[in-house]
Amino acid sequence: MASHPTDEREGEGTVGTILRLKLHLMANIFRRNVWQAVGLGLGLLYGLGVAAAACIVLVFLRTVDAPAQLRDVLTVVGAIVVVGFAVVSLLFGVDDTLDPRKFALFGIPNRRLSISLAVAALLGAPGVALVFVMSSTVVTWSRGPGEIVIAIICALCAIATCVLVSRLAAGIAGLLLATRRARELTGVLAVLLFVVLSPGAAFFATLDWRHATWEVLSDLAAIVGWTPVGAAFAAPGDAASGNWGLATARCLIALATVALLWFGWERLVARMLVTPQREAASRNYRGVGWFDRTTNGPTGAIAARSLSYWLRDARYWMSLVMIPVVPVLVVIPLLLAGLGAQWLALVPVPFLAVFMGWSMHNDTAYDSTAIWLHIASGVRGVADRVGRVIPMLVAGVIVIGIGASVTGLVLNDWRAIPGLIGVSAAALFGSLGIGCYLSAQFPYPVSKPGDSPFQQPQSTGALMALVQVGVMLGTGIVALPAGVFLLLGVTTGVTSWHLIGLAAGTVGGLAVLAAGIWLGGRVFERRGPEILQAAIRA
């Protein structure tokens, strides 16, 4: 049945209305704080500048007579771009300004709304950059009439694939990750994924890229070119190389990918229009949790509340996730530098101890406005400091004991365990003690309770960097004597050096911890109003 002219005009009007709405939403971003607008403008210029540079490179590649190599490079890069559109939208596209559910009450037909939202997705720096870059690939492969036709079709397919993948990922995130707890869990899983992929990155970094670059790219492109994320980028190169059969097959894969993505996008929009926003399920708790298991008094109450934070607050979860990440990031460069296994095995446990204590350096700020309870009730500063330290102190001692034992097993040298415990204890106790003082003296802004842990507020000046560097430098000074004794014990094989390191690290670390608790407690009692003001400002 032929479409009615009125329906066509209404469809065009719907697309135009939603495009104007998207433009207004983009313009409103620059009407906020002046410095925020400047920052966004600079970021936009930077992104478009990178896209312009990519376009210039792609146009220049028209003169390069190596279509097979160009195909392999563009296939791998293009597949990474498609995956990037999906991952970024899945992780950060939950709060979509053009969520289909926001149009549920306007009676817009499903297909018309799907088209409008997909077209509106091109408005923005990523969409504009994508269009210009993919248009430049047409110039890259303009080596004959047939090649130009294939390049145009594949460029349109690549644009549509990126847009639809992005919309589908954002829509799925809106359906499944609407609650705050789900979003926080997704962020934590993303960090864990980064940790899992780190060994793979280390492997690729060790390859002899000078001699194996094209071989690795060719093998990877041969696989990716037959997948939905890479077919649109490989087909023009096949055509330029004279492989018209491969070009046609991959072009059909690209077209089929767009058709399947469009089918999924239409079905998803239809589902979202009749699916209400998910709400976090309420939970019933019996008793008062950790408050039943700790001692009476201010110290026990604060310790119980701190334990609850570490187990329930996503901001604390991120600290816990990052604790094992940092040793991995430290070990990989040392591994690539050729450090022996004997020395490499001594690195993780002390670094774990350092960052477990370091996570407490701004603990006061995480209380936000709830810190007024401590100030108004006259809680002693020492009780506040001790209560906050207990969770990480207990966990740190357990980690050090297990980690040192595992290290001794790996090295098959149990004599090194006392020295390793000494260094780790100095790092843990020292960072906790320094953090007890600095968290009361120099609290800096953090994300508020309930906010995403990935949305950090702007800190005042360089305070945040100074506090964090101060904790690290102070911890290094505290752990230095025990570290020297550990190195002497490992190099000479004399057990007494390890025992001296154990005594030096434990005694020195406990001394710094006690001093930090006492000084931090005094500062907390003296600067109560200033701490409350800083918490409110944060």
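Above: the structure in question.
Residues numbered from 1 in each chain as written. Predicted model: local features only at pLDDT ≥ 70, side-chain atom pairs only at ≥ 80, totals over all residues. Heavy atoms only, no water.

**Student:** Would you take a moment to explain the side chain of Arg385 for this structure?
**Tutor:** For Arg385, the location among the structural elements is in helix 16 (residues 381-411). For Arg385, a relative accessible area of 1% puts it in the buried group. (Helix = DSSP H or I, 4+ residues; strand = E, 2+ residues; numbered from the N terminus. Buried < 20%, exposed > 50% of the residue type's maximum accessible area, 1.4 Å probe, protein only.)

**Student:** Hey, could you run me through the nonpolar core in this one?
**Tutor:** Note on soluble globular proteins: their nonpolar side chains tend to be buried together. Ranked by size, the top nonpolar core spans 45 residues in total, and within it Ile18, Phe103, Leu113, Leu117, Met134 and Trp265 carry the most contacts. Those elements giving two or more residues to this core turn out to be helix 3 (67-92), helix 4 (110-120), helix 5 (125-140), helix 6 (145-176), helix 9 (231-240) and helix 10 (244-273). The dominant element in this core, judged by the number of residues it contributes, is helix 6, at 13 residues. Excluding residues that lie within four positions of it along the chain, Met134 makes contacts with Ala155, Ala158, Ile159 and Phe233. (Core = buried A, V, L, I, M, F, W, Y, C linked by side-chain atoms within 4.5 Å. Contact = heavy atoms within 4.5 Å.)

**Student:** Explanation requested: the pattern of salt bridges in the structure shown.
**Tutor:** Proximity of charged atoms lets side chains of opposite charge pair with each other. Enumeration according to the criterion identifies 7 salt bridges in this entry. With a closest N to O distance of 3.3 Å, Arg71 and Asp72 form a salt bridge. Residue classification places Asp72 among the buried residues on the basis of a relative accessible area of 8%. Of the charged contacts, one joins Arg388 and Asp363 as a salt bridge, the two residues approaching to 2.8 Å between their closest N and O atoms. (Salt bridge = Lys/Arg side-chain N within 4 Å of Asp/Glu carboxyl O.)

**Student:** Can you help me understand the environment of Asn362 in this one?
**Tutor:** Its location among the elements puts Asn362 in the loop between helix 14 (348-358) and helix 15 (372-376). For the pair formed by Asn362 and Leu438, sequence separation is 76 residues and the distance between their alpha carbons is 7.3 Å. Apart from the residues lying within four places of it in its own chain, the contact partners of Asn362 are Ser439, Phe442, Pro443, Tyr444 and Val446.

**Student:** Please explain the packing of aromatic side chains as it appears in this structure.
**Tutor:** By convention here, two paired aromatic rings are described through the distance between centres and the angle between planes. Applying the stated criterion across every chain yields a total of 2 aromatic pairs. Considering the side-chain rings of Phe355 and Trp358, the 5.8 Å spacing of their centres and the 65° angle between planes classify their relative orientation as edge-to-face. Taken together, the residues Phe355 and Trp358, both in helix 14 and 3 residues apart, mark about one turn of the helix. Classification of Trp358 as partly exposed rests on a relative accessible area of 21%. Above the plane of the ring of Trp226 lies Arg250, whose end atom (NZ or CZ) is 4.5 Å from the centre. (Phe/Tyr/Trp six-rings, centres within 6.5 Å; stacked < 30°, edge-to-face > 60°. Lys NZ or Arg CZ within 6 Å of the ring centre and 35° of its normal.)

**Student:** Any chance you could explain the packing of helix 16 against helix 19 (residues 495-526) here in plain terms?
**Tutor:** For any two helices packed against each other, one specifies the inter-axial angle together with the distance between the axes. Running from N to C, helix 16 and helix 19 cross one another at 135°; their axes reach a closest spacing of 7 Å. Relative to helix 19, the element helix 16 is oriented oblique. Here helix 16 runs over helix 19; the crossing is right-handed. Residues Gly381, Val382, Asp384, Arg385, Val386, Val389 and Leu393 of helix 16 pack against Leu513, Ile517, Gly520, Gly521, Phe524 and Glu525 of helix 19. (Axes fitted to C-alpha atoms, helices over the stretch in contact; angles between N-to-C directions. Parallel < 35°, antiparallel > 145°, perpendicular 65-115°, else oblique. Left-handed = near helix turned anticlockwise from the far one by under 90°.)

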